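# Descriptive structure summary
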Amino acid sequence: MAGTVPMARGIPGSVPSSPASAEKVWVKWTLISAAGMVLLWLIVLPLLTVLTEALKKGWDVYTAALSDPDALSALRLTLLVAVITVPLNTIFGVIAAWSITKFSFKGKGLLITLIDLPFAVSPVIGGLIFVLVFGRQGWLGPWLDGHDIKIIFALPGIVLATLFVTFPFVAKELIPLMEDQGTKEEEAAVTLGAGGWHIFWRVTLPNIKWGLLYGIILCNARAMGEFGAVSVVSGHIRGETNTLPLHVEILYNEYQFSVSFAVASLLLLLALITLLLKNWLSRKSAH
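- As recorded by an unreviewed UniProt entry, the protein carries the name Sulfate transport system permease protein CysW and is attributed to Paenibacillus uliginis N3/975.
- The annotation that UniProt attaches to the protein under Function (unreviewed entry) is "Part of the ABC transporter complex CysAWTP (TC 3.A.1.6.1) involved in sulfate/thiosulfate import. Probably responsible for the translocation of the substrate across the membrane."

## Quick word on the packing of aromatic side chains
- Overall, the coordinates contain ten aromatic pairs when judged by the stated rule.
- Note on Phe164 and Phe167: the rings are 6.4 Å apart at their centroids and 65 degrees apart in plane angle, and the pair reads as edge-to-face. Here Phe164 matches Phe167 in class, with each residue buried.
- On the numbers, 6.2 Å between centres and 80 degrees between planes, the contact of Trp210 with Trp280 is edge-to-face. One end of the pair, Trp210, is in helix 10 (residues 196-225); the other, Trp280, is in helix 13 (residues 257-286), with 70 residues separating them in the sequence.
- Owing to a relative accessible area of 25%, Trp210 belongs among the partly exposed residues under this scheme.

## So, the UniProt feature "domain: ABC transmembrane type-1" (unreviewed entry) in the protein
- Using the residue numbers shown here, the UniProt feature "domain: ABC transmembrane type-1" (unreviewed entry) corresponds to residues 75-278.
- In this annotation, residues 75-278 is assigned 79% helix and 0% strand; the end-to-end C-alpha distance for the span is 22 Å.

## So, the nonpolar core
- Within the largest apolar cluster, 32 residues are counted, with the highest numbers of intra-cluster contacts made by Ile115, Ile158, Leu174, Ile175, Leu212 and Val233.
- A per-element tally of this core places helix 3 (residues 69-102) first, with seven residues.
- Listed in part, the 16 residues of the second largest apolar core include Ala71, Val248, Phe261 and Ala264.

## Observations concerning helix 8 (residues 168-181)
- Look at helix 8: 20 Å from first C-alpha to last across 14 residues, which is about the 20 Å you get at 1.5 Å a residue.
- For helix 8, the elements touching its buried residues are helix 3, helix 4 (108-120), helix 7 (155-166) and helix 10.
- A positive phi of about 75 degrees marks Gly182, the residue just after helix 8.

## Let's talk about the UniProt feature "transmembrane region" (unreviewed entry) in the protein
- The UniProt record annotates "transmembrane region" (unreviewed entry) at residues 29-51, 71-98, 110-131, 151-171, 212-237 and 257-277.
- Across residues 257-277 one finds 100% helix and 0% strand; the C-alpha atoms that close the span lie 30 Å apart.

## With respect to helix 2 (residues 59-66)
- For helix 2, the complete set of buried residues consists of Tyr62, Ala65 and Leu66. Looking straight down helix 2, one finds that the buried residues subtend no more than 95 degrees of arc, so they occupy a single side.

## Looking at the pattern of salt bridges
- Enumeration according to the criterion identifies four salt bridges in this entry.
- The partner of Asp116 in a salt bridge is Lys172, with the nearest N and O atoms 2.9 Å apart. Placement of Asp116 in helix 4 and of Lys172 in helix 8 is noted, with a sequence separation of 56 residues between them.

## Looking at unusual backbone geometry
- Of note in the backbone geometry, Phe153 takes a positive phi value of approximately 65 degrees without being a glycine.
- Inspection of the secondary structure puts Phe153 in the loop between helix 6 (141-146) and helix 7.
- Classification of Phe153 by relative accessible area gives partly exposed; the value is 41%.
- If you check the backbone angles, Tyr255 has positive phi at about 65 degrees while not being a glycine.
- Along the polypeptide, Tyr255 turns up in the loop between helix 12 (244-253) and helix 13.

## Structural notes on the side chain of Asn242
- Mapped onto the secondary structure, Asn242 falls in the loop between helix 11 (228-234) and helix 12.
- Discounting residues that sit within four places of it in the chain, Asn242 has contacts with Ala74, Leu77, His236, Ile237, His247 and Ile250.

## Comments concerning the environment of Thr191
- Of note, Thr191 is situated in helix 9 (residues 184-191).
- Sequence spacing of Thr191 and Pro123 is 68 residues, and the spatial spacing of their C-alpha atoms is 46 Å.
- Within the structure, Thr191 has its side chain in polar contact with the backbone oxygen of Ala188 (distance 2.5 Å).

## A few points about the domain arrangement of the protein
- What the domain assignment reports for the protein is domain 1 (25-55) and domain 2 (58-284).
- The C-alpha-based centres of domain 1 and domain 2 are spaced at 28 Å.
- Listed per partner, the contact involves six residues of domain 1 and nine residues of domain 2.
- Summing the contributions of domain 1 and of domain 2, the shared interface buries around 700 Å²; its carbon and sulfur component is 78%.
- Three residues stand out in domain 1 for area buried against domain 2, namely Val50, Ala54 and Leu55, and they jointly supply 62% of the buried area on that side.
- The tally of links from domain 1 across to domain 2 stands at zero salt bridges.
- Linking domain 1 with domain 2 are one residue pair in polar contact (both at pLDDT 80 or more).
- Residue composition of the side of domain 1 that touches domain 2, by class: five nonpolar, no polar and one charged.

Rules behind the numbers
Residues numbered from 1 in each chain as written. Predicted model: local features only at pLDDT ≥ 70, side-chain atom pairs only at ≥ 80, totals over all residues. Heavy atoms only, no water. UniProt positions renumbered as here; feature names shortened; annotations may be inferred. Phe/Tyr/Trp six-rings, centres within 6.5 Å; stacked < 30°, edge-to-face > 60°. Buried < 20%, exposed > 50% of the residue type's maximum accessible area, 1.4 Å probe, protein only. Helix = DSSP H or I, 4+ residues; strand = E, 2+ residues; numbered from the N terminus. Core = buried A, V, L, I, M, F, W, Y, C linked by side-chain atoms within 4.5 Å. Expected span 1.5 Å × (residues − 1). Contact = heavy atoms within 4.5 Å. Arc of directions from axis to C-beta. Salt bridge = Lys/Arg side-chain N within 4 Å of Asp/Glu carboxyl O. Polar contact = N/O pair within 3.5 Å; in protein donor to acceptor, adjacent residues only side chain to side chain. Domains from an automatic or database assignment. Buried area = accessible area lost by both parts, 1.4 Å probe. Nonpolar A, V, L, I, M, F, W, Y, C, P; charged D, E, K, R; others polar.

The following block contains the structure:
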């Protein structure tokens, strides 16, 4: 009868599944299972290990490790470095992204390459660069000693090293976003007589705010967790130049395993907060 639904063999009204669709389902769940196993082994199990080892000797040992003066000093220094570096990298990232996407000038390719440089260079090499420049035997070492200015093995060196490894994050988030948006809205604002700052605050910033916040969160996460470059320039002075990652390493090397994992759980907590903020921003930007 015309207009009736075709019937598969033995099942009235059903549509036979093709071998291709069955293969797609098989491939889909195989890939999902493989990705889940990788995440389980590389992320979930290590995180559970940190929490288990941190609480292995009881809550009293855990709280004592976190209230230790050296641990509190490392936490304060970690947060201080993040408070200094993240705003500076935010300013740089916005300026660099705006320059690259809104203007044509000689050296644009070089600027993009320099922004990508920390992704290609080992953080340890970045730290050594600052030692060669600002260390006692470095290029500016004698002048700095003569003026009683301390960069290496002090807060300024840690800030510089952290700035080096984190400055691409905001810029790399904003550049593709601003390139996709183009310059039509800014040009329209110029024709209406708007000034540069007015265009930025009323036109550009609302369009990039979610990407900007996303880049800031990634920059902050890297700043608090940086180890390699900071390790080179810090001097590992307890209570003075140790950030949380460096403090964890020292405790672990001294075989204070439960204490080291307890302090590491602070970094885990900061990472989880960062992840929650990242997911929240992803949902907000999708609406």
